[in-house]
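Examination of the molecular architecture
Below, each chain spelled out in residue letters.
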Amino acid sequence: QVQLVESGGGLVQAGGSLRLSCAASGGTFSSYAMGWFRQAPGKEREHVAGITRSGGRTYYADSVKGRFTISRDNAKNTVYLQMNSLKPEDTAVYYCAADRENLLRVGWYVYDYWGQGTQVTVSS
């Protein structure tokens, strides 16, 4: 059983930056591909970024490409999401998730473990 805990959310002005962290425990972190998702009120959960077990491959949704960067530190059991040039439409609860398969999958339903989420609010 893997426990995931997100942190780093908050309120930021448009154009600003935040870095989200997701700390894992209770399992072998390097055995999981990791993803970041977000969900805004009234909207479906959206895949934002993904990274393979070693960090060798990444994936980004078109809406965040060039602005967000996913990375991981397997020694620290942590995955990060650096968010730059934030826009009001980035406002959502952000979740990290772990996938046993070493694939950059976008469907939220295939992920095995989830964090509780962290709120990101971008003001205009």
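Rules used throughout
Residues numbered from 1 in each chain as written. Predicted model: local features only at pLDDT ≥ 70, side-chain atom pairs only at ≥ 80, totals over all residues. Heavy atoms only, no water. Disulfide = S-S within 2.5 Å. Helix = DSSP H or I, 4+ residues; strand = E, 2+ residues; numbered from the N terminus. Buried < 20%, exposed > 50% of the residue type's maximum accessible area, 1.4 Å probe, protein only. Core = buried A, V, L, I, M, F, W, Y, C linked by side-chain atoms within 4.5 Å. Contact = heavy atoms within 4.5 Å.

Details of the state of the cysteines
- Counted under the stated rule, the structure contains one disulfide.
- Disulfide pairing is shown between C22 and C96; the S-S distance is 1.9 Å. The sign of the S-S torsion, about 50 degrees, decides the handedness of the disulfide formed by C22 and C96: right-handed. Placement of the pair is C22 in strand β3 (residues 18-25) and C96 in strand β9 (residues 92-99), with a sequence separation of 74 residues.
- C22 sits in the buried class, given a relative accessible area of 0%.
- For C96, a relative accessible area of 0% puts it in the buried group.

Details of the nonpolar core
- L4, M34, W36, L81, M83 and Y94 are the most contacted members of the largest nonpolar core, which totals 31 residues.
- Taken together, the elements giving at least two residues each to this core come down to β3, β4 (33-39), β5 (46-51), β7 (68-73), β8 (78-83), β9 and β11 (118-123).
- Not counting residues up to four positions away in its chain, the partners in contact with L81 are L18, R19, L20, W36, V48, A49, F68, T69, I70 and Y94.

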